[in-house]
Amino acid sequence: MRSEAGSSNREVGYACRKSHQIMVDKRGVSKIKKTYDDARRILEQGYSVTVFPEGARSFTGHMGSFKKGAFALADELQLPVVPLTINGSFDILPRMNDWHFINWHPLCLTIHQPIYPVGQGPENINATMRQAYDSVMAGLVPEHQGFVENPDQ
């Protein structure tokens, strides 16, 4: 007998594969490198890639720290980064340790100004990451602003 949550996860996985999403496989350096290489190929073909740089959803609704991978790739290819703030997703589907229903709640997407590379290398990566983080944080609703440690991130 299948659980509803298990069935739902398989359906989401199927939808992700059919829409050509790149899922990050964190089971080792070679798996992470493959994810990075897949994203590079897509970007080199002129397509955009949406990245969730926190690496995992928050249990609190507060934004966690950003990982460097996507910013390093943007730096390598000298591409702009366009920060996005999504408000309401935590209210629609909070991350919990158990299965629960989706709640109706408005969702708001803010598209911030692009951040263009001003150089190349670690300084550019760190500056872009900091600017993107600040842009996204400033766009969050007040109750989700501020950093809260997310040990599962």
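Scoring rules and cut-offs
Counting from 1, residues in each chain are numbered in the order their sequence is written. In keeping with the model being predicted, local features are shown solely for residues with a pLDDT of at least 70 and side-chain atom pairs are shown and tallied solely at 80 or more, while totals for entire chains, interfaces and linings include all residues. Heavy atoms throughout the structure, all of them, feed into the side-chain values; hydrogens and water do not. Helix and strand definitions follow DSSP, with helices as H or I runs of at least four residues and strands as E runs of at least two, each counted in order from the N terminus. Burial classes follow relative accessibility: with a 1.4 Å probe on protein chains only, a residue under 20% of its type's maximum area counts as buried, one over 50% as exposed, and anything between as partly exposed. The contact definition used throughout considers only heavy atoms, calling two residues in contact when any of these lie within 4.5 Å. Per-residue and other accessible areas were derived by the Shrake-Rupley procedure at a 1.4 Å probe size, with only the shown protein chains allowed to occlude residues. We count a salt bridge whenever a side-chain nitrogen from Lys or Arg sits within 4 Å of a carboxyl oxygen from Asp or Glu. In this description, a nonpolar core means a group of buried Ala, Val, Leu, Ile, Met, Phe, Trp, Tyr and Cys residues linked to one another through side-chain atoms lying within 4.5 Å. Cavity and pocket criteria rest on a 1 Å grid covering protein atoms alone: a 1.4 Å probe that fits but cannot get out defines a cavity, protein on both sides within 12 Å along at least 5 of 7 lines defines an open pocket, and an atom within 4 Å of a point defines a lining residue. Grid points are joined across faces, edges and corners, and a volume is the space filled by probe spheres set on the points. Polarity classes work like this: nonpolar for Ala, Val, Leu, Ile, Met, Phe, Trp, Tyr, Cys and Pro, charged for Asp, Glu, Lys and Arg, and polar for all others, with Gly in that last group. In this analysis, the expected span of each helix is defined as 1.5 Å times one less than the number of residues it contains. Per-residue confidence from the predictor is reported as pLDDT, a score between 0 and 100. Fitted lines through C-alpha atoms give the axes, limited to the stretch in contact for helices. The angle between two N-to-C directions lies from 0 to 180 degrees. Put simply, angles under 35 degrees are roughly parallel, angles over 145 are roughly antiparallel, angles from 65 to 115 are roughly perpendicular, and the rest are oblique. Note: crossing handedness is left-handed where the near helix turns anticlockwise from the far helix by less than a right angle, and right-handed where it turns clockwise.

Asker: What is the right way to read the overall build of the protein from this model?
Answerer: Helix and strand content of the protein: 5 helices and 2 strands. Traced from its N-terminal end to its C-terminal end, the protein shows the element sequence α-α-α-β-α-β-α. Going through the 153 residues of the protein one by one, you find that 28% of them count as buried. For the protein, the share of sequence-separated contacts (at least 6 apart) that also reach a separation of at least 24 residues comes to 67%. By element, 59% of the accessible surface of the protein is carried by carbon and sulfur atoms, the whole surface being about 10,800 Å².

Asker: What is the right way to look at the pattern of salt bridges in this model?
Answerer: Oppositely charged side chains can pair when the atoms bearing their charge come close. By the definition in use, this model includes 5 salt bridges. Across the pair Asp37 and Lys33 runs a salt bridge whose closest N-O atoms are separated by 2.9 Å. In this pair, Asp37 and Lys33 both sit in helix H2 (residues 29-44), 4 residues apart, roughly one turn of the helix. Where Glu76 meets Arg40, a salt bridge forms, and the shortest distance between an N and an O atom there is 2.7 Å. A residue pair is termed long-range when its members are at least 10 positions apart, and Glu76 in helix H3 (residues 69-77) and Arg40 in helix H2 qualify at 36 residues. Taking relative accessible area as the criterion, Glu76 reaches 36% and is therefore assigned partly exposed.

Asker: How should the nonpolar core be read in this particular structure?
Answerer: Soluble globular proteins tend to pack their nonpolar side chains together in the buried interior. Counting residues in each nonpolar core, the largest one holds 13 residues, and the members touching the most others are Met63, Phe66, Phe71, Val81, Ala132, Tyr133 and Met137. Elements with a contribution of two residues or more to this core: H3 and helix H5 (122-139). Among the elements that line this core, the one with the most residues is H5, at 6 residues.

Asker: Would you mind going over empty space enclosed by the protein with me for this structure?
Answerer: If a probe as big as a water molecule is rolled over the atoms, it shows which places are left empty. According to the stated counting rule, one finds 1 cavity of 30 Å³ or more in the structure shown. Each pocket or cavity is described by its volume, and for the largest cavity that value is around 50 Å³. The wall of the largest cavity is formed by Phe71, Ala74, Asp75, Leu79, Val81, Ile115, Tyr116, Pro117, Asn124, Ile125 and Thr128. Secondary structure elements with two or more residues in the lining of the largest cavity: H3 and H5. In the lining of the largest cavity, the residues fall into 8 nonpolar, 2 polar and 1 charged.

Asker: I tried to follow H2 on my own but got confused; where do I start?
Answerer: Three or four residues apart is the spacing at which side chains of an α-helix point the same way, because the helix has 3.6 residues per turn. Taking 1.5 Å per residue, 16 residues should reach 22 Å; H2 reaches 22 Å between its end C-alpha atoms and fits that length. What H2 keeps buried is the set Thr35, Asp37, Asp38, Ala39, Arg40 and Leu43. Those residues of H2 hidden inside the fold are in contact with H3. At the C-terminal side of H2, Gly46 shows a positive phi close to 95°.

Asker: Can you help me understand the confidence of the model for the protein in this one?
Answerer: As a note on interpretation, predicted positions should not be read in detail where pLDDT is low. Put simply, the protein has an average pLDDT of 82, and 82% of its residues get 70 or more. The spread of mean pLDDT over the elements of the protein runs between helix H1 (residues 4-18), the lowest at 60, and H5, the highest at 96. When the criterion is pLDDT under 50, residues 1-7 qualifies, and its contacts beyond four places in sequence or with other chains add up to 4 contacts.

Asker: Before we go on, may I ask you to explain the packing of H2 against H3 in this structure?
Answerer: A packed helix pair is summarised by two numbers, namely the angle formed by the two axes and the spacing between the axes. Taken N-terminus to C-terminus, the directions of H2 and H3 make an angle of 40°; their axes are 11 Å apart at the nearest point. Taken together, the axis directions place H2 and H3 in an arrangement best described as oblique. In this structure, H2 meets H3 at a crossing whose hand is right-handed. Residues Tyr36, Ala39, Arg40, Leu43 and Glu44 of H2 touch H3, and the partners they reach there are Gly69, Ala72, Leu73, Glu76 and Leu77. Its residues placed into classes, the contact of H2 with H3 shows 6 nonpolar, 1 polar and 3 charged.

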